[in-house]
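Read off the chains here:
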Amino acid sequence: MEDFQASKPIYMQIVDKISHQIVRGELKPGEKLPSVREMAIKSGVNPNTIQRTYSEMERMEIVESRRGQGTFVTEANEIIVDLKEKLQMDMIAAFVHNMKELGFSQDEMLQGLQNYIEREGEK
């Protein structure tokens, strides 16, 4: 059972989770996703929510439905690369927004990020 945030529709939170699994390589191109019913049980949500999740991901061309076979991760590498870049930009945008809210300048953000990466690289 998942813990969902009230601020974002559940189906979009599941889209995000599956997208992250694809970008990390946990779900491979061409891999079959669980059935709507299986995913609904695993996620603790209504099957209609999963159907909406899969429909949204199909609209985004991240997955494709094959009649009578199920839903599969796209095999189009450029779509996966684009997805990875989009997720990266979304995270950077959120970081920059939050740092601006705290009053950090661009130089301070870059310096802080550089320091963090150097420290984490040693671990």
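Residues numbered from 1 in each chain as written. Predicted model: local features only at pLDDT ≥ 70, side-chain atom pairs only at ≥ 80, totals over all residues. Heavy atoms only, no water.

## Describing a nonpolar patch on the surface
On the surface, a nonpolar cluster with roughly 360 Å² of combined accessible area is contributed by F95, L113, Y116 and I117. Residue placement: F95 occurs in helix α4 (residues 77-101). (Patch = residues over 30% accessible without salt bridge, like charges linked within 9 Å, V, L, I, M, F, W, Y side chains within 5 Å. Areas by Shrake-Rupley, 256 points an atom, 1.4 Å probe, with all protein chains shown as cover. Salt bridge = Lys/Arg side-chain N within 4 Å of Asp/Glu carboxyl O. Helix = DSSP H or I, 4+ residues; strand = E, 2+ residues; numbered from the N terminus.)

## What to know about the nonpolar core
Counting residues in each nonpolar core, the largest one holds 20 residues, and the members touching the most others are I18, I22, L33, I50 and M57. Only α1 (10-23), α2 (36-43), α3 (47-59) and α4 provide two or more residues apiece to this core. Sort the elements by how many residues they give to this core and α1 lands first, with six residues. Residues contacting M57, with those up to four places away along its chain left out, are V15, I18, S19, I22, I62 and V63. (Core = buried A, V, L, I, M, F, W, Y, C linked by side-chain atoms within 4.5 Å. Buried < 20%, exposed > 50% of the residue type's maximum accessible area, 1.4 Å probe, protein only. Contact = heavy atoms within 4.5 Å.)

## Digging into the layout of surface pockets
Its volume calculated, the largest pocket comes out at about 300 Å³. In terms of lining, the largest pocket is formed by 14 residues, of which the most central are K8, M12, D16, H20 and L87. Broken down by secondary-structure element, the contributors of at least two residues to the lining of the largest pocket are α1 and α4. Among the elements that take part in the lining of the largest pocket, α1 stands out by supplying six residues, more than any other. Here the lining of the largest pocket is composed, by residue class, of six nonpolar, four polar and four charged. The computed volume of the second largest pocket comes to approximately 170 Å³. Lining the second largest pocket are 13 residues, and of these Q21, L27, P34, M39 and K42 sit closest to its centre. When contributions to the lining of the second largest pocket are tallied by element, the ones reaching two or more residues are α1 and α2. For the lining of the second largest pocket, the leading source of residues is α1, giving four residues. Of the residues in the lining of the second largest pocket, the class split is six nonpolar, two polar and five charged. (1 Å grid on protein atoms, 1.4 Å probe; cavity = no way out; pocket = protein on both sides within 12 Å on 5 of 7 lines; lining within 4 Å. Points joined across faces, edges and corners; volume = space filled by probe spheres on them. Nonpolar A, V, L, I, M, F, W, Y, C, P; charged D, E, K, R; others polar.)

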